[in-house]
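One-letter residues, chain by chain:
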Amino acid sequence: MTKPSALNQRPEFENYFDTHPEPRLDFAHVRRALQDGYDRPFLLIDPQIIRNKYRRFLAAMPRVRTHYAVKANPDPRVVRVLAAEGAGFEVASPAELDLLISLGIDISEVHYSNPVRARQHIEYAASKGVVWFAFDSVEELRKVHAVAPHAKVYLRIDTPNIGSDWPLSGKFGTKMREVDEIIDVAAELGADLCGVTFHVGSQCRNAENWRVAIDSSKRIFGKMRAKGLEPTLLNIGGGFPVRLAKPIPSVEVIGDVVNEAIADLEDEISVMAEPGRYLVSDAAYFVCRVIGTTRRGDERWVYLDTGMFGGLLESTQGLQYQIETDRGGQLVPWHVAGPTCDSVDVLLKDEMLPEDLQDDDFIYFPNAGAYTTAYASNFNGFPLPDIRFV
Ligand SMILES: *Cc1c(COP(=O)(O)O)cnc(C)c1O
């Protein structure tokens, strides 16, 4: 039997989008940073916003431990801020692990949640003290168990990504029909299969995804117990959204759904989440500059000093940032492109921007602290964006 949704029961959540004010970096900091000069695109981060977002996440879901997904922004200063707040961490590679080691983070609590990895990477992680490993197939379970027989392994399940602006299903995740076989193999091997994890998709604007996935996880806990395994971990992954161009359910609204769904979980099950974007996006502005404008037939084109290879990859894939400029002209459709010679380096088509944009104008992307600098390469010889702190 499915329970009626908390959102339907509560009239105040009839419209559950944009119920809470969402922060962004004070623009005065950007002005001040530009007074120090500009030689390449940069991300400007206010660590206090990261602290506030961490605390707000905790307040919204008091039973949920927070492990920051390092890939969202692996700058050591960001990691240090979150470590000082008491956050745990989630990694996907030896390099991310090395970063945590270099900062003196307790590795025994790190979650290695990438569900498929090289045998050598498992060996390396285990040798450095990692005990928590996600997996999503019999093959990976056998691999982890062979290399690290005492590992605590947790099963990544496939779960709906409906309403997520950056879906993460399809590539990873055990289907429900495969779960029985995996549990049998774990029991046979004597592997410490201790929990379940999922990812609802990044920038997930549909709170119901968490309820559906938690309900599936509970069914799997039942199956595990039936085979003599003792589940102790529910890892609800990342996906918590930030306010970009589209309305979002605030973390408090998602928290209500999650808290209700986990309320009847046994005490021995500890619950954790792996927010990435949520913790760091709002803390930063991404600043870049116009290098050229032109008309091609009816089309206006504006070229920036950075593009999909320099930190703005997500905007080529449908993630809509707000864009600010210093111009006050009438808004007209522009095609926005990066500086490289690759024709895929086009960020936006028909984006409404002031008609008087010119060379050397600054372009500002608020709430861009996640998955920007982390994605940047210096393809075609363009420099990596700088990362500055207020
Ligand atoms: C990327 C990722 C996260 C973080 O996702 P966000 O959408 O940034 O919150 C968490 N867990 C895993 C396993 C991931 O791959």
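Fair warning: this is a prediction, and the values are worked out from it, not measured in the lab. Position labels on residues start from 1 in each chain and follow its written sequence. Per-residue local features of the predicted model are confined to residues with pLDDT of at least 70, and side-chain atom pairs are confined, for both listing and counting, to 80 or more; whole-chain, interface and lining totals are unaffected and use all residues. Based on all heavy atoms of the structure, the side-chain values leave hydrogens and waters out of the count.

On to the overall build of the protein. Each helix corresponds to a stretch of at least 4 residues labelled H or I by DSSP, and each strand to a stretch of at least 2 residues labelled E; elements are numbered beginning at the N terminus. The secondary structure content of the protein amounts to 12 helices and 18 strands. For the protein, the C-alpha atoms occupy an extent of roughly 70 × 50 × 40 Å along the three principal directions. Under the scheme applied here, a residue whose accessible area is under 20% of the maximum for its type counts as buried, over 50% as exposed, and between as partly exposed, the area being computed with a 1.4 Å probe on protein chains only. Put simply, the protein has 390 residues, and 55% of those count as buried. If you sum the accessible surface of the protein, you get close to 16200 Å²; carbon and sulfur atoms cover 50% of it. A 1.4 Å probe and the Shrake-Rupley method give the accessible areas. Residues count as covered only by the protein chains that appear here.

Cysteine sulfur atoms are paired as a disulfide whenever they fall within 2.5 Å. Tallied over the full model, the rule gives zero disulfides. No disulfide involves Cys 341; its sulfur sits 18 Å from that of Cys 288, the nearest cysteine.

A few words now on helix α5 (residues 94–102). One turn of the α-helix equals 3.6 residues, which is why residues spaced by three or four share an orientation. Of all the positions in α5, only Pro 94, Glu 96, Leu 97, Leu 99 and Leu 100 are classed as buried. A contact between two residues is defined here by any heavy atoms of the two lying within 4.5 Å. On its buried face, α5 sits against α4 (76–85), β3 (88–91), β4 (111–112) and α6 (119–127). Once α5 finishes, Gly 104 follows within two positions and takes phi at roughly 75°, a positive value.

The next thing to look at is the side chain of Lys 53. For Lys 53, the position within the fold is in helix α3 (residues 47–60). With a relative accessible area of 2%, Lys 53 lands in the buried category. We call two N or O atoms a polar contact when they sit within 3.5 Å, provided that within protein one can donate a hydrogen and the other can accept it, with sequence-adjacent residues counted only if both atoms are side-chain atoms. Only 3.0 Å separates the side chain of Lys 53 from the backbone oxygen of Tyr 278, close enough to count as a polar contact. Not counting the four nearest positions on each side in its chain, Lys 53 is found in contact with Pro 23, Val 242, Tyr 278, Leu 279 and Asp 282.

Right, let's get into the site of the ligand. For this description, a residue counts as near a given molecule or strand if any of its non-hydrogen atoms is within 4 Å of it. The immediate surroundings of the ligand are formed by 14 residues, with Lys 71, Ser 202, Glu 274, Arg 277 and Tyr 371 found nearest. Take Lys 71: an N or O atom from its side chain is 2.8 Å from an oxygen atom of the ligand. Contact with the protein chains hides 91% of the accessible area of the ligand, taken as 390 Å² for the molecule alone. Classes in brief: Ala, Val, Leu, Ile, Met, Phe, Trp, Tyr, Cys and Pro nonpolar; Asp, Glu, Lys and Arg charged; the others, Gly included, polar. Within the shell around the ligand, the residues separate by chemical class into three nonpolar, six polar and five charged.

Take the pattern of salt bridges next. Note on definitions: salt bridges are taken to be side-chain nitrogens of Lys or Arg within 4 Å of carboxyl oxygens of Asp or Glu. For the structure shown, the criterion picks out 26 salt bridges. When the shortest N-O distance is used, the salt bridge between Asp 18 and Arg 243 registers 3.0 Å. Here Arg 243 lies in the loop between β10 (233–235) and α10 (251–262) and Asp 18 lies in the loop between α1 (6–9) and α2 (27–35), a separation of 225 residues in the sequence. The exposure class assigned to Asp 18 is partly exposed, which follows from its relative accessible area of 33%. In this structure, the salt-bridge partner of Asp 180 is Lys 223, at a minimum N-O distance of 3.2 Å. Residue Asp 180 is located in helix α8 (residues 179–189), and its partner Lys 223 is located in helix α9 (residues 208–226); the two are separated by 43 residues in the primary sequence.

Our focus in this paragraph is the packing of α8 against α9. Interaxial angles span 0 to 180 degrees and are taken between N-to-C directions of axes, which are lines fitted to C-alpha atoms, for helices over the stretch in contact. Contact geometry of α8 with α9 gives a least axis separation of 10 Å together with a crossing angle of 40°. If you check the angle between α8 and α9, you find them oblique. Every pair of crossing elements has a handedness; the one defined by α8 and α9 is right-handed. Here Val 179, Asp 180 and Ile 183 of α8 lie close against α9, whose contacting residues are Ile 220, Lys 223 and Met 224. Considered class by class, the residues forming the contact of α8 with α9 number four nonpolar, no polar and two charged. Any angle that falls under 35 degrees is termed roughly parallel, while one over 145 is termed roughly antiparallel, one within 65 to 115 roughly perpendicular, and all others oblique. Two helices crossing with the near one rotated counterclockwise from the far one by less than a right angle form a left-handed crossing, whereas a clockwise rotation gives a right-handed crossing.

Time to look at the confidence of the model for the protein. Caution applies to low-pLDDT parts of the model: their predicted coordinates are not meant to be read in detail. A score from 0 to 100, pLDDT tells how confident the predictor is in each residue. Residues of the protein with pLDDT of at least 70 account for 96%, and the chain-wide mean is 94. Below pLDDT 50 for its whole length, residues 1–9 participates in 14 contacts with residues either more than four positions away or in separate chains.

So, about unusual backbone geometry. The backbone phi angle of Asp 350 is positive, close to 55°, even though this residue is not glycine. Along the chain, the position of Asp 350 falls in strand β16 (residues 346–354).

So, about the pairing of strand β1 (residues 42–45). Side chains Phe 42 and Leu 44 of β1 all project onto a buried face; the interleaved residues Leu 43 and Ile 45 project onto the opposite face, where all are buried too. In this description, strands pair whenever DSSP reports at least two bridges between them. Relative to strand β12 (residues 284–296), β1 runs antiparallel, the two sharing four bridges. By the bridge assignment for β12, Phe 42 is matched with Val 287. Pairing of β1 with strand β18 (residues 386–389), which is carried by four bridges, proceeds in the parallel orientation. Of the residues in β18, the one forming a bridge with Leu 43 is Ile 387.

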